[in-house]
Each structure stands twice: as C-alpha cells, then as structure tokens.
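Now for the letters of each chain:
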Amino acid sequence: MAGKLRARDIMTGGVRCIGAHESLQDASKMMRDLEVGALPICGDNNKLMGMVTDRDIVITCCAEGVDPATVQAGSLGGELHWIDADADANEVLKTMENHHIKRLPVIDVAGGHRLVGMITEQNLAKNLSDRQIAEFATRVYATA
C-alpha cells in the first residue's frame, strides 16, 4: 500500500510555523491553541529551519528554571529532517525510522521549497497497513 502513496497524500496540510524570533512561551501558546505537540520553526525568509516540541520547552526552560518568554524558538533548531512532498511513502517510513522521529515536515521542493505539511504517527496510522505500523513502531521505539 505504501508504495502507491506519496508524502503529500499522507500529510496534514495547513501547518503553522513559529517564527525563529518568537519566544518559547509564544510557541507553547500556539501548541495549546492548535492542539499539537510540535511546531516547525521558520526563519525570516519563511523557510523551515527547525522544529520545537513541547518536550524541548520543558527540558530547555522549565526544568532549568529559565523563563520561556526569554528564549527564542530559533535557538532550538537542532538537526532537521524533512521529506519532499513527492517522495514515496516507503521513503517517509524509512526517514522516520532511520532518525527515530515521530513528526516529519513535508517540503514542496518543486514549488519553491515551501513547507506544505507535516506527517505524524496519526497520519501513518490512517494511511498505512497494520504491518507497516507495527514495523514502524518497533524501529522507532526500540531501545538500544
């Protein structure tokens, strides 16, 4: 089944970014309002430059006693993985499995490298076979 689907067929569109210069407090409010656990970080050029998760905010700020209103979202860019909107669903799975990630930004490379969506575990569960989901879970959640 996955071989026939592309990333754009699986993703959730309409993804909103947090600006790199916006605070982690702003990011947490946006996550709350959108009911999501992660946001893409976009730079001044509106290009994807990273991801911030609710866990990042807790570990980076709250646990260290740092005020999230004083930390810019762009400071948490880190290593970024993404997938082309036209990539095959098998490549989506491979990318998420290889990097042990649960959320994958989707970029329309042919359309000017724009962020067009996000693929999450929920998207995979809705679009892939039970076998594929089980293999994904085993590979992503396996401990060393």
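Going by the structure above, here's the rest.
These figures come from a predicted structure and were not determined experimentally.

What counts and how
Residues numbered from 1 in each chain as written. Predicted model: local features only at pLDDT ≥ 70, side-chain atom pairs only at ≥ 80, totals over all residues. Heavy atoms only, no water. Helix = DSSP H or I, 4+ residues; strand = E, 2+ residues; numbered from the N terminus. Contact = heavy atoms within 4.5 Å. Pairing = 2+ DSSP bridges. Axes fitted to C-alpha atoms, helices over the stretch in contact; angles between N-to-C directions. Disulfide = S-S within 2.5 Å. Buried < 20%, exposed > 50% of the residue type's maximum accessible area, 1.4 Å probe, protein only. Expected span 1.5 Å × (residues − 1). Arc of directions from axis to C-beta. Salt bridge = Lys/Arg side-chain N within 4 Å of Asp/Glu carboxyl O.

Chemist: It is not clear to me how the environment of Lys102 should be interpreted in this structure. Could you clarify?
Modeler: When you line up the elements, Lys102 lands in the loop between helix H4 (89-98) and strand S6 (103-108). In this structure the C-alpha to C-alpha distance between Lys102 and Ser28, which are 74 residues apart in sequence, comes to 19 Å. With near-sequence residues (within four places) excluded, Lys102 lies in contact with Met96, Ile119, Thr120, Glu121, Val140 and Tyr141.

Chemist: I would appreciate a short explanation of the sheet that holds S6 in the present structure.
Modeler: Two orientations exist for strands paired in a sheet by backbone hydrogen bonds: parallel and antiparallel. Read from one edge to the other, the open sheet built from four strands follows the order S1-S7-S6-S5, with strand pairing classed as mixed. Looking along the sheet, the strands with just one partner apiece sit at the ends: strand S1 (12-13) and strand S5 (83-84). Both S1 and strand S7 (residues 114-120) contribute to a ladder of two bridges, which runs antiparallel. Opposite Thr12, over in S7, you have Met118 as the bridge partner. Packing of H4 onto the sheet brings it into contact with S5, S6 and S7, and relative to S6 it is tilted by some 135°.

Chemist: Is there a simple way to explain the state of the cysteines in this structure?
Modeler: By definition, a disulfide is the covalent link that joins the sulfur atoms of two cysteine residues. For the coordinates displayed, the defined rule picks out one disulfide. The disulfide partner of Cys17 is Cys42, and the S-S distance across this bridge is 2.1 Å. On the criterion of sequence distance, the pair formed by Cys17 in the loop between S1 and strand S2 (18-19) and Cys42 in strand S3 (residues 38-42) is long-range, its members being 25 residues apart. For Cys17, a relative accessible area of 23% translates into the label partly exposed. Counting only cysteine sulfurs, Cys62 is the nearest neighbor of Cys61, a cysteine outside any disulfide, at a range of 6.2 Å.

Chemist: How should I be thinking about the sheet that holds strand S4 (residues 48-53) in this particular structure?
Modeler: Pairing within the open sheet is mixed, and its three strands lie in the order S2-S3-S4. Two strands in the sheet have a free side with no partner beyond their single neighbour: S2 and S4. Strand contacts of helix H2 (residues 24-34): S2, S3 and S4, with the helix running at about 130° to S3, the strand carrying the most contacts.

Chemist: Explain helix H6 (residues 130-141) here, please?
Modeler: Each α-helix winds once per 3.6 residues, and so residues spaced three or four apart point in a common direction. With 12 residues, H6 extends 16 Å between its outermost C-alpha atoms, agreeing within 8% with the 16 Å of an ideal straight helix rising 1.5 Å per residue. Among all positions of H6, only Gln132, Phe136 and Val140 are buried. For H6, the angular spread of buried residues about the axis comes to 55°, placing them on one side. Among the exposed residues of H6, those pointing more than 90 degrees away from its buried face are Asp130, Arg131 and Thr138.

Chemist: What am I meant to see in the pattern of salt bridges here?
Modeler: Any two side chains of opposite charge can pair, given that their charged atoms come close. According to the stated counting rule, one finds nine salt bridges in the structure shown. Among the salt bridges present, the one from Arg32 reaches Asp33, with a minimum N-O distance of 2.9 Å. Arg114 is the salt-bridge partner of Asp108, the closest N and O atoms lying 3.6 Å from each other. Here the salt bridges share partners, and the residues they tie into one network are Arg6, Arg8, Asp9, Asp86, Asp108 and Arg114.

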